[in-house]
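Each chain, letter by letter, is given below.
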Amino acid sequence: MSFYSSAFVHTFQETSAIMPAKNYYIEVVLFKFSMKVKERSRSCIKHVTIRKVLRGAQTRRMPHKIGFVVVSSSGHEDGFSARELMIHAPTVSGWRSPRFCQFPQEIVLQMVERCRIRKLQLLAHQYMISSKIEFYISESLPEYFAPYQAERFRRLGYVSLCDNEKTGCKARELKSVYVDAVGQFLKLIFHQNHANKYNIYNQVALVAINIIGDPADFSDESNTASREKLIDHYLGHNSEDPALEGTYARRSDYISPLDDLAFDMYQDPEVAQIIRKLDERKREAVQKERYDYAKKLKQAIADLQKVGERLGRYEVEKRCAVEKEDYDLAKEKKQQMEQYRAEVYEQLELHSLLDAELMRRPLDLPLWPLARSDSPRHQKPVPSLPQLEERGTENQFAEPFLQEKPSSYSLTISPQHSAVDQLLPATDPHPKTNVAGAYSKTWSYREDALLALYKKLMEMPVGTPKEDLKNTLRASIFLIRRAIKDIVTSVFQASLKLLKMIITQYIPKHKLSKLETAHCVERTIPILLTRTGDSSARLRVTAANFIQEMALFKEVKSLQIIPSYLVQPLKANSSVHLAMSQMGLLARLLKDLGTGSSGFTIDNVMKFSVSSLEHRVYEVRETAVRIILDMYRQHQASILEYLPADDNNTRKNILYKTLFEGFAKIDGRATDAEMRQARRKAATEEAEKQKKEEIKAVQGQLAALKEIQAEVQEKESDAVKPKNQDIQGGKAAPAEALGIPDEHYLDNLCIFCGERSESFTEEGLDLHYWKHCLMLTRCDHCKQVVEISSLTEHLLTECDKKDGFGKCYRCSEAVFKEELPRHIKNKECNPAKPEKLANRCPLCHENFSPGEEAWKAHLMSLAGCTMNLRKTHILQKAPALQPGKSSAVAASGPAGSKAGSKIPTPKGGLSKSSSRTHARR
């Protein structure tokens, strides 16, 4: 055997272990062809051709973007749920942890299929930055909502994020992590945040996450590497031969730039889809060696990337304008986007690069790619989540260019006729089939198509094969779904009429199973719920009323489907109308269906309602309160398990306060408001009673005061009588000449402040002492009237609360015992001077000149005590004291002191300290 023959046998034997038998013949032909090629200039072509054909037997896979859903998170701030991570677009906000949360925080993701992760990309927030993020992976979880135990996950490692101080917290860090791990569940653990002046609530956030990998069953690198070495050995050269530079453009570890996170985060989502379609066509053109067309596509992709970035900027600017309520600017940005997009698409059409197939995408799929089209598992469904099933009018594109992908079954209208689903040309002639009419640009044709379909279904004879009936039903639901999204009211109403007929007449007439009814409801209810958030009030009301009506159909009621949709948590970023409609529907259907075998349970209704108490819209919160009160009327104590404890902290929240007071009314108990009103009434009556007692007590003391005054005058007159006699004539000198006050001098006079007034009758003086005298005050703890100069002594020795006070050795004032250690430790008080050197005011805590007259000057003058609350009223009434009065009161000395010691208060008389104080004077 020749050298070439033996070499071929060796290659054949080794290749047979990794290549299917049907490719042996190809290898022989290629081998003979390669032996004829001698020139070095043509060797590269030979090598590339051989590699292409050998690899063509089993297409090599490349790592690509992996779709995922968020399984759980430890918490989030309102409006920034972890589910936002499932969308990649310029306007996404991503996930944020709750304010002042506990660390670590956790998010669990489930990938659409078991895969080998090659690369993880994280886009961090500009200032809510975690110091460290850990990664864990797992093959599977036992239950969807089961607690995730640490041992189920295998730790991959962690990445550290910079604190962003160099950029002033104005840039976002895109972190790429290369890994090699197999699994279907990925857990991210976020540690303590970096501190900065912007992150005032100590939060962490993640704007976006991107997973790149390939299905685990198709990622056997050993086989791929062995095959590459075999080809190199067969061709007789090193794999690093520079002559082969550029031939590894699709090597096994190659990652397309279109799968990079930065691509989606800066591209308009619609343009991004077009770019991906063009990229697929470019690869097909290269495989078919249509290089001119591939070059044209390459240039178009480069231009479209700039277009997508520009549209993305417009979208961000429009969103910012809406948040600032600058609707003129928002409208301008929208018009710019529409005009620019139309111009670009027109250019693509002129170059034959834009067609119907390119613009096609299923409306039911999310805006991000879940798997590549060349994946053997690309049709594997995402784990069913009601929140993800429908996006409806909440999509970023109100009028999508793309049509729904036809179902696998035939769109049969009747047993004798079937329609082929196809896109219409630009012109819009009168449609000849129902399906064509349903896709017409003319709204009247769309309405006619639905009405014609209604008539066809009504006329279908009994006895038609079940399979034909089911196919017709499913095709009709397909068209109904599209019509429900129609912005024209008459088309929308026609779709509802058709749907009602199918559920209540078509299915019962032909005795189809409950599965068909469930299919009708499950395929249409999410879109109908979306329409309850429409900008048109008429459409909102129509959609909500139909949902309520449909829920009460006997064919639908037993399925308990609609209630399960109404208790799904409200999305933080959902429209106001949508949230209000869902709450209103829930309240109405609860009254119609109750919680017994209806799909509504105490658990799901209460969890939904309690979570809705935190919604940003007032009407939603108000409806949630009404629902909870209605539930309490029916189920009483079992409702309290879903609410926080009834205490003062909880009642600080006005909603919980309203709930607990509502519960009290339902139970027949007095509410807090009623109890407070009763207490206020009792307090008012007590105050009136106390006031009368005070007046009575003061009147008694005034009588005692007059009696004492008479005694003092009598003694004084007896003392000066001998001196007042005239030696020669024996006549008495006038009392005024000796400076002795007459018997009426103390009338209408306050003996404490020296003020004289005609209004100071017995009752007038009582009121003056109790409310207005600047030298007196009421103790806040026992309500007795005491002199301000003796307030400290009163608190320490006589007050009803004296046991709660202690004396500070530094300032000599009375301080609550429980605060005294901190008071002394902080040394914040103003030290007191000895009593002989200064007086100490217990109101303003200042030291001032010693003596009794100094007290008057301090408590009554404008420049004196700033904390005497009675001063303002009194000074307005009498701006300045007359010197004569002041000196007169000073001269009255003992009389004033003695009288003042007996002024009572309603609770047993004036403070005893006042008597001691006057004694010292």
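Scroll up to find the structure.
Residues numbered from 1 in each chain as written. Predicted model: local features only at pLDDT ≥ 70, side-chain atom pairs only at ≥ 80, totals over all residues. Heavy atoms only, no water.

Enquirer: Would you mind going over the packing of helix α19 (residues 602–612) against helix α20 (residues 618–635) in detail, with residue names and values included?
Expert: Packed helices, taken two at a time, are described by their axes: the angle between them and the distance between them. Close contact between α19 and α20 brings their axes to 8 Å; oriented N to C, the two are set at 145 degrees. Here α19 runs over α20; the crossing is left-handed. Contacts between α19 and α20 involve Ile 602, Val 605, Met 606, Ser 609, Val 610 and Ser 612 on the former and, on the latter, Val 620, Arg 621, Ala 624, Ile 627, Ile 628, Met 631 and His 635. For the contact of α19 with α20, the per-class residue count stands at 9 nonpolar, 3 polar and 1 charged. (Axes fitted to C-alpha atoms, helices over the stretch in contact; angles between N-to-C directions. Helix = DSSP H or I, 4+ residues; strand = E, 2+ residues; numbered from the N terminus. Left-handed = near helix turned anticlockwise from the far one by under 90°. Contact = heavy atoms within 4.5 Å. Nonpolar A, V, L, I, M, F, W, Y, C, P; charged D, E, K, R; others polar.)

Enquirer: Lay out the pattern of salt bridges with the relevant residues and their values.
Expert: Note on pairing: side chains with opposite charge can pair once their charged atoms come close. Overall, the coordinates contain 26 salt bridges when judged by the stated rule. Linking Glu 139 and Arg 114 is a salt bridge whose minimum nitrogen-to-oxygen distance equals 2.6 Å. Of this pair, Glu 139 sits in the loop between β5 (132–138) and β6 (154–160) while Arg 114 sits in strand β4 (residues 105–124), placing them 25 residues apart in sequence. Of the residues examined, Arg 114 reaches a relative accessible area of 32% and is grouped as partly exposed. Salt-bridge contacts for Lys 607 lead to Asp 603; the nearest nitrogen and oxygen are separated by 3.4 Å. Separated by 4 residues within a single helix, Lys 607 and Asp 603 lie in helix α19, roughly one turn from each other. Connected through shared salt-bridge partners, Arg 116, Arg 118, Asp 180 and Asp 214 make up one network. (Salt bridge = Lys/Arg side-chain N within 4 Å of Asp/Glu carboxyl O. Buried < 20%, exposed > 50% of the residue type's maximum accessible area, 1.4 Å probe, protein only.)

Enquirer: Please give an account of the packing of aromatic side chains that cites residues and values.
Expert: In the structure shown here, the tally under the stated rule is 8 aromatic pairs. Note on Tyr 632 and Phe 663: the rings are 4.1 Å apart at their centroids and 20 degrees apart in plane angle, and the pair reads as stacked. Placement of the pair is Tyr 632 in helix α20 and Phe 663 in helix α22 (residues 654–667), with a sequence separation of 31 residues. Considered together, Tyr 632 and Phe 663 belong to a single accessibility category, that of buried residues. Ring plane angle 90 degrees and centroid distance 5.0 Å describe the contact between Phe 848 and Trp 855, whose orientation is recorded as edge-to-face. Given the relative accessible area of 12%, Phe 848 is considered buried. Taken together, Tyr 632, Phe 660 and Phe 663 form an aromatic cluster joined through their ring pairs. In this arrangement the basic side chain of Arg 531 is found over the ring face of Phe 492, its NZ or CZ atom lying 5.1 Å from the centre. (Phe/Tyr/Trp six-rings, centres within 6.5 Å; stacked < 30°, edge-to-face > 60°. Lys NZ or Arg CZ within 6 Å of the ring centre and 35° of its normal.)

Enquirer: Give a description of the pairing of β5 that names residues and reports values.
Expert: Within β5, 6 of the 7 residues are buried, leaving the element largely enclosed by the surrounding structure. With 6 bridges connecting them, β5 and β6 associate as antiparallel partners. The partner of Glu 134 across the bridge, within β6, is Tyr 158. Looking at chain direction, β5 and strand β7 (residues 174–190) are connected through 6 bridges and run antiparallel. (Pairing = 2+ DSSP bridges.)

Enquirer: I'd like a rundown of the side chain of Gln 105, residues and numbers included.
Expert: Its place among the elements puts Gln 105 in strand β4. With a relative accessible area of 5%, Gln 105 lands in the buried category. Among the polar contacts made by the side chain of Gln 105, one reaches the side chain of Ser 74 at a distance of 2.9 Å. Of note is the side chain of Gln 105, whose polar atom sits 2.8 Å from the backbone oxygen of Gln 102. Residue contacts for Gln 105: discarding those within four places in its chain leaves Ser 74, Gly 75, Trp 95, Ser 97, Pro 98, Leu 188, Ile 189 and Phe 190. (Polar contact = N/O pair within 3.5 Å; in protein donor to acceptor, adjacent residues only side chain to side chain.)

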